[in-house]
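Report on the structure
Listed here are the chains, written in short residue letters.
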Amino acid sequence: MTVTDSRPPEIGRARLRKEDARLTTGRGRFTDNISLPGTLYLGLVRSPVAHARIASIDVSAARDAPGVVRVFTGADLADEQGSLPNAWPVTPDQLAPPHPAVAVDTVAFAGEIVAVVVARSRAQARDAQELVDVDYEELPLVLDLEEAATDSTLVHPDLGTNVSATWVFDSAEAGTGGEVEAALAESDVVVERTIRQQRLIPAFMEPRSVLVDPSGEQITMWSATQVPHIAKLMLALTLGIPESKLRVIAPDVGGGFGGKLAVTPEEVITILAARRTGKPCKYTETRSESLMGAHHGRDHVQHLRIGAKADGTVTGLDVRIVADMGAYLGLITSGIPILGAFMYNGIYKFSAYRFECRNVFTNRVWTDAYRGAGRPEATFAIERMMDELATELDMDPIALREKNWIAHEEFPFDTVASLTYDTGDYEAATAKALELFDYDELRAEQARRRKSGDPIQLGIGVSTFTEMCGLAPSRVLGALNYAAGGWEYAQVRVLATGNVEVVTGTSPHGQGHVTSWSQLVADRLGVPFENVEVLHGDTQIAQKGLDTYGSRSLSVGGMAVLAAADKVIEKARIVAAHMLEAAATDVEFTDGRFSVRGTDQGVSFADVAFATFSAHDLPDGFEPSLDADATFDPENFSFPHGTHLAAMEVDTETGRASVRAYVCVDDVGTVVNPMLVEGQVHGGLAQGISQALYEEAVYDEFGTLVTGSFTDYLVPSAPDLPEFVTDRTTTPATSNELGVKGVGEAGTIASTPAIVNGILDAIRHLGVTDLTMPCTPARVWHALEAARSTGTAPSATEAGA
């Protein structure tokens, strides 16, 4: 019998990703790489105007163009296309207009699809779509969020209003705190601010692509999606396809960031075109189509009031936001700002809290999930307000936060926003960050620069955050009227040789699930890391699952994997006991080996696997299989947290802001693979910093997206970002057995306020008290000039005197 050598544990080991060798050597299999015989290609005609009636569409020239097989308009598809789903009606009276994949009578944003060309080649489809002649009768449009909320101009006149829903949380009504107006009235200081969260574009690396094969017993769709299981269900419901007759495959997916958490018009259209023609059909968007037609993120106006006593103790927090839905509701559009509702209080002990959100339609492409999804908006607001309060009270921003945060001995802590934070240690994370940052020396340098009138001023930005992630507890989601649950599924299959296949309901697109899940199973079953294969992203193979978003994969999907592995062990224990002629209760399992307690008798996991496969001598009634599946549905979210510090240099002559140093210390619970955690943190920091300094989706007064290419929509590259100093503290989560939390969104959530707070800290003494993101050189310079022209800004020398 084989004896298994003891191996070092996999959990905590910085493994290179299994996926990378294939991807970095050009052997990736993305949707647009997949070719089927006889494939037809789609060209989509998009409206150049933001709001109009479709007076007429002439497709005759396009239909007669070389290679064109069919041309469809919205009227042609009206009886089949249904309405794109919204899975999160946040209030019983939420208003939602029909959301056709192809517009029938009117268009509500520039970029909306009005016709479909099906041709034998991609080039022929592109050429022919230019020949479709559409006559538009333009209608009044509304682009400004707060104007839209007045209903002076309606996006969808049939609804009678632009307000889709109003959602309110009040701590007094919920029994989690006092009445906010009373708390503010009793405060010594009340700070009021309006904050603009600009519109962002997910800007994933791989544009969206869809391939549909209608042949055979099933329709098979390959799609660059984060959510193959959700897409399968929603497309089946939308199009009236029996769920068993639709197979969805997410092959390699080149990033998503929430931008591929969607059921898209393009998926619906490609299925309909394939059904109509009886041929495989493919659509792959251009970058400009992606920026114009894929959903955007953020886009809120936030009105905030925060109260405090003279000693800095916070009292009440009042939040009123207007959130831009765009022209329609996407899959979870309406719920995105509501996710933030539970996080505006941050890590602080408010006695009263009220949140009100109005979801409003405008004539722009709809918004939906983007990395962090509601929680970056909340964290930015509270961390900006804590800095504003510190200024009002003339307190150090760290000292103010320390006075108000939840102390480590107070966990678990019931917050004013109705959540229970299970664990945390904000003191430890902050202490480590301050040490790595050399906070006191940077403050001293800041004072020297102010005194000398240096044109390059130094500011220190602080962000101490937490987030709710591992979006999962099905009962919580049900209470919020979300259509689906939050559980996750996994199956562990044992092959005859003892090798293992893991089938997961999560759907990775860069996170490293293949590597992490291999580490989890290798540790639990005592098999070599190399002998674990992970299968995912195909609803025919992983028949159940709820996919990947919201930093849920490890804390929910990973726990399902471990639960299935544990079931495998218990089944294998019965076979091992039979082989060892012992009672199952006397058989122990350690390091891949079953042994009889108190003896040296044992068999390896591989021995048991082969004995089960051969089935020559199994216990009576035992089926010859060790395979097991499991689902996991946690009782609570997980709550990673951290302290992020940014040293910002601002050139007061040009307005340019640059990151001189960035330190972050995050607590993400138990770490399975430190290398993957570092990668997630670095990527998140890049996107959060980019919101602060570079990115904004801009529309002109006609509703045309003017940032429709990477020439105008700025995303940073490596030279635009600093070296990051990262570290961790660890307080294990109690919502799962490993104590893991989420990490995929932490950097994005925490970094944006740290950057903006740092810029304002550099120039506040010059009279600049607020900035709108992104903090471009032009905006910073104009703010400085406005302060100088109004006489609120002293000279640099005077400011330092």
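Before going into details, it helps to say that this report is about the structure given with it. The structure presented is a predicted model; accordingly, all values stated were derived computationally and were not measured. (Residues numbered from 1 in each chain as written. Predicted model: local features only at pLDDT ≥ 70, side-chain atom pairs only at ≥ 80, totals over all residues. Heavy atoms only, no water.)

**A look at a negative patch on the surface**
A grouping of Asp58, Asp133, Asp135 and Glu137 is seen on the molecular surface, where their side chains present a negatively charged patch. Examining the composition of the negative patch, we find that three residues originate from one element, strand E6 (residues 133-138), more than from any other. Within the element layout of this structure, Asp133 appears in strand E6. (Patch = residues over 30% accessible without salt bridge, like charges linked within 9 Å, V, L, I, M, F, W, Y side chains within 5 Å. Areas by Shrake-Rupley, 256 points an atom, 1.4 Å probe, with all protein chains shown as cover. Salt bridge = Lys/Arg side-chain N within 4 Å of Asp/Glu carboxyl O. Lys, Arg positive; Asp, Glu negative; His and termini not counted. Charge placed at Lys NZ, Arg CZ, Asp CG, Glu CD. Helix = DSSP H or I, 4+ residues; strand = E, 2+ residues; numbered from the N terminus.)

**Some remarks on the nonpolar core**
The biggest cluster of nonpolar side chains holds 156 residues, and the ones touching the most others in it are Ile306, Tyr344, Phe355, Tyr662, Ile755, Ile759 and Ile763. Per-element accounting of this core gives the leading share, nine residues, to helix H12 (residues 375-393). In contact with Ile306, not counting residues within four places along its chain, are Leu184, Val189, Val190, Val191, Val314, Gly316, Leu317, Phe350, Ile382, Met385, Met386 and Leu389. (Core = buried A, V, L, I, M, F, W, Y, C linked by side-chain atoms within 4.5 Å. Buried < 20%, exposed > 50% of the residue type's maximum accessible area, 1.4 Å probe, protein only. Contact = heavy atoms within 4.5 Å.)

**What to know about the sheet that holds strand E4 (residues 106-107)**
Across the sheet, which stays open at both edges, the three strands sit in the order E4-E2-E6 with antiparallel pairing between neighbours. Unpaired on one side and paired on the other, E4 and E6 mark the two borders of the sheet. Bridge count between strand E2 (residues 52-58) and E6: six bridges; the pairing is antiparallel. Following the sheet pairing, Arg53 is matched in E6 by Glu137. (Pairing = 2+ DSSP bridges.)

**Considering the packing of H12 against helix H21 (residues 746-763)**
One can describe the packing of H12 onto H21 by two numbers: an axis separation of 8 Å at closest approach and a directional angle of 30°. Here H12 is positioned roughly parallel relative to H21, judged by the angle of their axes. Crossing of H12 against H21: the hand is right-handed. Along the contact surface, H12 presents Arg375, Pro376, Thr379, Phe380, Glu383, Arg384 and Asp387, while H21 presents Ile749, Thr752, Pro753, Val756, Asn757 and Leu760. When the residues that make up the contact of H12 with H21 are grouped by side-chain class, the tally is six nonpolar, three polar and four charged. (Axes fitted to C-alpha atoms, helices over the stretch in contact; angles between N-to-C directions. Parallel < 35°, antiparallel > 145°, perpendicular 65-115°, else oblique. Left-handed = near helix turned anticlockwise from the far one by under 90°. Nonpolar A, V, L, I, M, F, W, Y, C, P; charged D, E, K, R; others polar.)

**Details of the side chain of Glu695**
Structurally, Glu695 can be placed in the loop between helix H20 (674-693) and strand E28 (724-728). Nearest to the buried, unbridged Glu695 among oppositely charged side chains is Arg298, at 8.6 Å. Side chain to side chain, Glu695 and Tyr713 meet in a polar contact 2.4 Å long. (Polar contact = N/O pair within 3.5 Å; in protein donor to acceptor, adjacent residues only side chain to side chain.)

**Regarding the sheet that holds strand E9 (residues 209-213)**
Sheet architecture is open: seven strands sit in the order E3-E5-E1-E12-E9-E10-E11, paired in mixed fashion. Strands at the two margins of the open sheet, each flanked by one partner only, are strand E3 (68-73) and strand E11 (246-249). Between one strand axis and the next, the sheet turns through 20° on average, direction left out of account. Pairing of E9 with strand E10 (residues 219-223) involves four bridges; the strand directions are antiparallel. Of the residues in E10, the one forming a bridge with Leu211 is Trp222. Across the sheet, helix H3 (residues 74-81) touches E3 and strand E5 (113-119), and the angle it forms with E3 is around 75°.

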